[in-house]
Structures are given as structure tokens and as C-alpha cells.
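In case you want the letters, here they are:
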Amino acid sequence: MSDLSTIVAEPWADWGLIDCGNGLKQERYGPFKVVRPEPQAMWRPGRDDWDPDATFVPGSDEEGGGRWVEHRPVPRQWQLARDGVTFNASLTPFRHLGFFPDMAPQWDWMRKRAADADVLNLFGYTGVGSLLLSDAGASLVHVDASKKSVEQGRENAKLSGLDDRPIRWIVDDAGKFTAREVRRKRRYDGILLDPPKFGRGPEGEVWRLEENLAPLLADCRKLLDADSRFLVLTIYAVRMSALAIGELVKQTLADLGGMVEMGEMAVREESRGLLLPTAIFARWSR
Ligand SMILES: C[S@@+](CC[C@H](N)C(=O)[O-])C[C@H]1O[C@@H](n2cnc3c(N)ncnc32)[C@H](O)[C@@H]1O
């Protein structure tokens, strides 16, 4: 009996994985089609009529990064929506488009557990997750090191008419903020964290996943109690197994009882229905 499960993001009105193969993927973000590198799509594409509006061209290994090539004009940003929450998409220099669509099933799972909940969102980026949970009745503390990402979160809140909701938008280092919350004896009903492999806090604090994840989770444990409902950890683009983060979450939250699920996150391709893996996850629930 496998301990591992696969959580699949299905296409929705404003987003879908149209096709993938030959190390590339073509997605639709609202009216615009974009092509990005996807090393795991080693198979042949399902269609030969790729006609993107923009393509992300990675830089050489040395220079890293990369740039977007527009085949047709693409606005600086455009609005998308999910479950009544509206947010901006844009061609970011980091090859992202301003949010992570494959997080959708995790957001749905947390929305079912969000009514009147106090939720901490660490590494929250542009806040789509925070807004979807706020819309489902939660009070949010949204923490990200990037002032720009947090400003975009506030902008997305305005776009969604959620700017009067109880959401604390905080620019801070996730580790520092969480340690301070422990000292303040705060508690949360839910915590979600989506750390990068490597990152920097606003004052240059270095975040290294392999080194800093365990101590951060240990502090997260101190912010949960017998009435807490969930902790969701998602990790992208690292050589790490879901079994490893699953075991870490199991050990760290063992005294809370409940259950821990772990596995892969994937997106379903619209043309053939095949699954493209995107991330790994571990989540605890009462
Ligand atoms: C992968 S993104 C998170 C994506 C987001 N959870 C989502 O699903 O939309 C990583 C985020 O971590 C933030 N970050 C990096 N280092 C950080 C640190 N030390 N403390 C807090 N946030 C950090 C980055 O600014 C970025 O927004």
C-alpha cells in the first residue's frame, strides 16, 4: 500500500496546460498562450500547431535567468480569476507568470478547512492562496521577503474586492517572523508554506531549504495546538523526495495526532490528459 498520493490540478476557465513535450510546455493564461522550458516533458508533444503569444528563452547556464520573446503583443499584466478571486498574471523575469496554477487543488483542500480559521502563509508570493483562503472565511497573516510580491498581493486583494478583509501583509524573513510569533505565543489553525530551494530575506537573511526547513517546521509546530486543522508544505524544483518531507512533517507534528499525506503534485494536459509533475507536497490535517 503506497504512502504516496498524486494531487492533480485540472484545467480551469482561465488556465490550462494545452500541450507538452520535447522539453517544453504550452499553457494558456486567460487569452494568452505561453511556452516555457519543461525538462520533465521528455516525451513527444501531442499537437503540432503550437502558436504561442510569448516564449521564455532561458539564459545560458552561466548567466541563468532568461527572457521572454513576444510573438504578439502581451500586456504588462492581465487579470485572471479562480473561485471569484481575481489576480494579475504577467510575464515575470523568473519565467513564472505571477502565481502557481498547480497549487489550485491545495487551495481547494484548504478552503474546505478555512472557515473562521487563523492562517499563516509563509513564502506567500503574490497572495493568490491567501486571497482564496480569505474568501473562504479565514483571517490571514501573509509573509514574503519580497516587497514587490507583497505589493502585488495587496493589488490582487483590491482586484478581488477583498482589501477590507483581515489579511496582514508582511514583508519579512519567514524564519525570523515565525520565531517571533513563537515568542509572542501566537497560535494558528492552519499554516501553508511554499519555500524556494534558495532565497533571501529582506535584510539578506539566507534561506537554504535543506538546512532551514526542519528548524522552521519545528517553530511552526509551536504555533499549532490541539484545535489546529492543517499544515501544507509544497516544494518546487528541488532534488528531494516527497517521502523525505513527509517523514519530516510526521516527526515534527507527531504529538498532534491527525494524519500526514505526502506525494507529488501534477497538472493534467488538456489534449491527452497526461500528467506533468510540478512539485512535491506533505500535509498534516486533524
Ligand atoms: C516559490 S515562491 C512561492 C510561491 C507561492 N507560494 C505561490 O504558490 O504562489 C517563493 C517565495 O519565497 C519568497 N522568499 C524567498 N526567500 C524568503 C525568505 N527568506 N523569507 C520569506 N520569503 C522568502 C520569494 O520572495 C518568493 O515569493
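Refer to the preceding data block for the structure.
Read on for an overview of the structure. Predicted model only: the values in this text are computed from it and were never measured.

## Quick notes on the overall build of the protein
(1) Moving on: In terms of regular secondary structure, the protein is built from six helices and 17 strands.
(2) Moving on: Taken against the 2.2 N^0.38 rule, which gives 19 Å for 286 residues, the C-alpha radius of gyration of the protein at 19 Å falls within 12% of a compact globule.
(3) Moving on: Seen along its three principal axes, the alpha-carbon backbone of the protein occupies a region of about 55 × 45 × 40 Å.
(4) Moving on: Taken over 286 residues, the protein has a buried fraction of 51%.
(5) Moving on: The long-range fraction of contacts in the protein, counting pairs at least 24 apart against all pairs at least 6 apart in sequence, stands at 59%.
(6) Moving on: Counting only carbon and sulfur atoms, one obtains 52% of the accessible surface of the protein, whose full area is about 13,200 Å².
(7) Moving on: Both charge centroids of the protein, one from 39 positive and one from 43 negative side chains, sit 3 Å from each other.

## Let's talk about the site of the ligand
(1) Moving on: Inspection of the region around the ligand gives 16 residues, with Asp144, Ala145, Asp173, Ala174 and Asp194 positioned closest.
(2) Moving on: In the environment of the ligand, an oxygen atom lies 2.7 Å from a nitrogen or oxygen atom belonging to the side chain of Asp144.
(3) Moving on: Contacts to the ligand include Asp173, whose side-chain N or O atom sits 2.8 Å from a nitrogen atom.
(4) Moving on: Coverage of the ligand by the protein chains reaches 90% of its 600 Å² of free accessible surface.
(5) Moving on: Of the residues belonging to the shell around the ligand, the class tally is eight nonpolar, three polar and five charged.

## Brief notes about the side chain of His142
(1) Moving on: Relative to the helices and strands, His142 resides in strand β10 (residues 139-144).
(2) Moving on: Assessed through its relative accessible area of 0%, His142 is described here as buried.
(3) Moving on: Here the side chain of His142 touches Tyr125 through a polar contact of 3.1 Å, landing on its backbone oxygen.
(4) Moving on: Those residues in contact with His142 that sit more than four places away from it in its chain are Asn121, Gly124, Tyr125, Thr126, Gly127, Ser130, Val150, Ile167, Arg168, Trp169 and Ile170.

## What about the pattern of salt bridges?
(1) Moving on: A complete count under the given rule lists 25 salt bridges for this structure.
(2) Moving on: In this structure, Arg82 and Asp108 form a salt bridge, with 2.8 Å as the shortest nitrogen-oxygen distance. Of this pair, Arg82 sits in strand β7 (residues 78-82) while Asp108 is found in helix α1 (residues 104-111), placing the two residues 26 residues apart along the sequence.
(3) Moving on: Of the charged contacts, one joins Glu203 and Lys176 as a salt bridge, the two residues approaching to 3.1 Å between their closest N and O atoms. Of this pair, Glu203 sits in the loop between β13 (198-200) and β14 (206-208) while Lys176 is found in helix α4 (residues 174-183), placing the two residues 27 residues apart along the sequence.
(4) Moving on: Salt bridges here are not isolated pairs; linked through shared partners, they connect Arg82, Asp83, Asp108, Arg111 and Asp135.

## Concerning empty space enclosed by the protein
(1) Moving on: For the structure on display, the rule yields one cavity of 30 Å³ or more.
(2) Moving on: Estimated volume of the largest cavity: approximately 150 Å³.
(3) Moving on: As for the largest cavity, its lining consists of 15 residues, and the residues nearest its centre are Trp107, Gly124, Tyr125, Gly129 and Asp194.
(4) Moving on: Residues that form the lining of the largest cavity fall into these classes: eight nonpolar, six polar and one charged.

## Some points on α1
(1) Moving on: Among the eight residues that make up α1, six are buried, leaving the element largely enclosed by the rest of the structure.
(2) Moving on: Every buried residue belonging to α1 is among Ala104, Pro105, Gln106, Trp107, Trp109 and Met110, and all of these are buried.

## Digging into the packing of aromatic side chains
Each aromatic ring pair is specified by the distance between its two centres and by the angle formed by the two planes.
(1) Moving on: Counted according to the given criterion, the structure contains ten aromatic pairs.
(2) Moving on: Taking 5.3 Å as the distance between ring centres and 75 degrees as the angle between the ring planes, the aromatic pair formed by Phe56 and Trp68 counts as edge-to-face. Separated by twelve residues along the polypeptide, Phe56 in strand β5 (residues 54-58) and Trp68 in strand β6 (residues 66-70) bring together distant segments of the chain. When sorted by exposure, Phe56 lands in the same class as Trp68, which is buried.
(3) Moving on: These aromatic residues form a ring-pair network of at least three members: Trp12, Trp15, Tyr29, Phe87 and Phe99.
(4) Moving on: A cation sits over an aromatic face here: Arg82 above Trp12, 4.5 Å from the ring centre.
(5) Moving on: Over the ring of Trp109 we find Arg113, and its NZ or CZ is 3.8 Å from the ring centre.

Cut-offs used in this document
Residues numbered from 1 in each chain as written. Predicted model: local features only at pLDDT ≥ 70, side-chain atom pairs only at ≥ 80, totals over all residues. Heavy atoms only, no water. Helix = DSSP H or I, 4+ residues; strand = E, 2+ residues; numbered from the N terminus. Rg over C-alpha atoms; globule rule 2.2 N^0.38 Å. Buried < 20%, exposed > 50% of the residue type's maximum accessible area, 1.4 Å probe, protein only. Contact = heavy atoms within 4.5 Å. Areas by Shrake-Rupley, 256 points an atom, 1.4 Å probe, with all protein chains shown as cover. Lys, Arg positive; Asp, Glu negative; His and termini not counted. Charge placed at Lys NZ, Arg CZ, Asp CG, Glu CD. Near = heavy atom within 4 Å. Polar contact = N/O pair within 3.5 Å; in protein donor to acceptor, adjacent residues only side chain to side chain. Nonpolar A, V, L, I, M, F, W, Y, C, P; charged D, E, K, R; others polar. Salt bridge = Lys/Arg side-chain N within 4 Å of Asp/Glu carboxyl O. 1 Å grid on protein atoms, 1.4 Å probe; cavity = no way out; pocket = protein on both sides within 12 Å on 5 of 7 lines; lining within 4 Å. Points joined across faces, edges and corners; volume = space filled by probe spheres on them. Phe/Tyr/Trp six-rings, centres within 6.5 Å; stacked < 30°, edge-to-face > 60°. Lys NZ or Arg CZ within 6 Å of the ring centre and 35° of its normal.

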